[in-house]
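Each chain, written out:
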Amino acid sequence: MRRRGMSGDLKWNKIMGACLGTAFAILVVQQVSGMVYHTKQPEKMGYFVDAPDESAAGPAEAVLPIDWGTVLPTADLAAGEAAFARCQACHTVNSGGADGIGPNLFAVVGGPAMHRAGFAYSDAMAKHKAAAPNWNYDELDHFINAPGRYVPGTKMSFAGIRDEQTRINLIAWLRTQGSGGYAIPAPDPARQPGAAAPAEGEAPAAEGAAATEAGSAPAEAPAVDAPATQATNPAPQA
């Protein structure tokens, strides 16, 4: 019995010794690793990165509005038609076409907004119409670029088309769909590279006025909210 008890005590002593030895080994490894891999902060950086202070930088270059008299005559109509293909799930563009999720867009360029009787336009679009009653070139461009930002609250929920040339091509093609009577304005030197940007708080010259003088859209030409483009699943427009 005594021999068995001593054997049991030795067993537990061995286990405790092994645990203590393991803990000691871990502490030693940590200390050695700390000395071997210790890094010291250099007194002087190897090279200096000159990051200019944004407050010291000059004002951002102003973006001039599109000179429609220059870009529309050279626009790629085929590319514009291809861009509109992504809108066909929500819009028709043929004369007399039915409304879909969005209204028919025949003669949209230069025509009045919210012309479709019975179409459920948003309150936001009705409010916007009071300030901008017609879809001139600038209005269409701003709306297609970012519908939700330009008309907050619109039912048009797609992100918009950021590429300027794609918007130009699309608008040029839409003009051929019932809006041929809406004239292209003459080139505007104030909108061309090198021209001074409008002063803060001063609106740029409206291209719609020039276009109207040259020849406005037919009186019966319907026009609606700007077309939904660049969206995989176009959203309702209003």
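Residues numbered from 1 in each chain as written. Predicted model: local features only at pLDDT ≥ 70, side-chain atom pairs only at ≥ 80, totals over all residues. Heavy atoms only, no water.

**Topic: the pattern of salt bridges**
Then comes step 1: Counted by the stated rule, this structure contains 3 salt bridges.
Then comes step 2: R167 is paired through a salt bridge with D141; the nearest N and O atoms lie 2.6 Å apart. One end of the pair, R167, is in helix α7 (residues 164-175); the other, D141, is in helix α5 (residues 137-145), with 26 residues separating them in the sequence. For the pair R167 and D141, one class covers both residues: buried.
Then comes step 3: Each of the salt bridges in this network shares a partner with another, and the network as a whole consists of D138, D188 and R191. (Salt bridge = Lys/Arg side-chain N within 4 Å of Asp/Glu carboxyl O. Helix = DSSP H or I, 4+ residues; strand = E, 2+ residues; numbered from the N terminus. Buried < 20%, exposed > 50% of the residue type's maximum accessible area, 1.4 Å probe, protein only.)

**Some points on the confidence of the model for the protein**
Then comes step 1: On average, residues of the protein carry a pLDDT of 75, and 66% of them reach 70 or more.
Then comes step 2: Confidence drops under pLDDT 50 across residues 45-51; counting only partners more than four residues distant or on other chains, this segment forms 0 contacts.
Then comes step 3: Segment residues 208-236: pLDDT under 50, and 105 contacts once partners within four positions in sequence are set aside and those in other chains are kept. (pLDDT = per-residue confidence, 0-100. Contact = heavy atoms within 4.5 Å.)

**Re the nonpolar core**
Then comes step 1: Counting 30 residues, the largest nonpolar core has F84 and L174 as the members making the most contacts within it.
Then comes step 2: Every element with two or more residues in this core is listed here: α3 (77-84), α4 (123-131), α5 and α7.
Then comes step 3: A per-element tally of this core places α7 first, with 6 residues. (Core = buried A, V, L, I, M, F, W, Y, C linked by side-chain atoms within 4.5 Å.)

**Examining α3**
Then comes step 1: Looking only at α3, the buried set comprises G80, A83 and F84. Projected down its long axis, α3 shows its buried positions confined to an angular sector of 100°, all on one face.
Then comes step 2: Contacts from the buried residues of α3 go to α7.
Then comes step 3: Regarding α3, its N-cap is D76, as a side-chain oxygen of that residue lies 3.1 Å from the backbone nitrogen of A78 further along. (Arc of directions from axis to C-beta. Polar contact = N/O pair within 3.5 Å; in protein donor to acceptor, adjacent residues only side chain to side chain.)

**Structural notes on α5**
Then comes step 1: Within α5, 8 of the 9 residues are buried, leaving the element largely enclosed by the surrounding structure.
Then comes step 2: Inspection of α5 places Y137, D138, E139, L140, D141, F143, I144 and N145 among the buried residues, and these make up the whole buried set.
Then comes step 3: Two or three places before D138, at the start of α5, stands the capping residue N136, its side-chain oxygen 3.1 Å from that residue's backbone nitrogen.

**Some words on the packing of aromatic side chains**
Then comes step 1: The tally for this structure, following the rule as stated, stands at 5 aromatic pairs.
Then comes step 2: Arranged with centres 5.2 Å apart and planes meeting at 35°, the rings of F84 and W173 form a pair that is tilted. Linking F84 in helix α3 with W173 in helix α7, this pair joins segments that are 89 residues apart in sequence. For the pair formed by F84 and W173, the shared burial category is buried.
Then comes step 3: On the basis of an interplanar angle of 50° and a centroid distance of 5.0 Å, the ring pair of Y137 and Y182 is categorised as tilted. Taken together, the residues Y137 in helix α5 and Y182 in the loop between α7 and α8 (207-214) connect sequence positions 45 residues apart.
Then comes step 4: Looking at Y137, the relative accessible area reads 0%, which means it is buried. (Phe/Tyr/Trp six-rings, centres within 6.5 Å; stacked < 30°, edge-to-face > 60°.)

**So, the packing of α3 against α7**
Then comes step 1: Relative to each other, α3 and α7 sit at 90°, their axes nearing to 7 Å. One element, α3, and the other, α7, form an angle in the roughly perpendicular class. Seen from α3, the contacting residues are L77, A79, G80, E81, A83 and F84; seen from α7, they are T166, N169, L170, A172, W173 and L174.
Then comes step 2: Among the residues forming the contact of α3 with α7, the class breakdown is 8 nonpolar, 3 polar and 1 charged. (Axes fitted to C-alpha atoms, helices over the stretch in contact; angles between N-to-C directions. Parallel < 35°, antiparallel > 145°, perpendicular 65-115°, else oblique. Nonpolar A, V, L, I, M, F, W, Y, C, P; charged D, E, K, R; others polar.)

**Some points on the side chain of D138**
Then comes step 1: Of note, D138 is situated in helix α5.
Then comes step 2: The class of D138 is buried, set by a relative accessible area of 13%.

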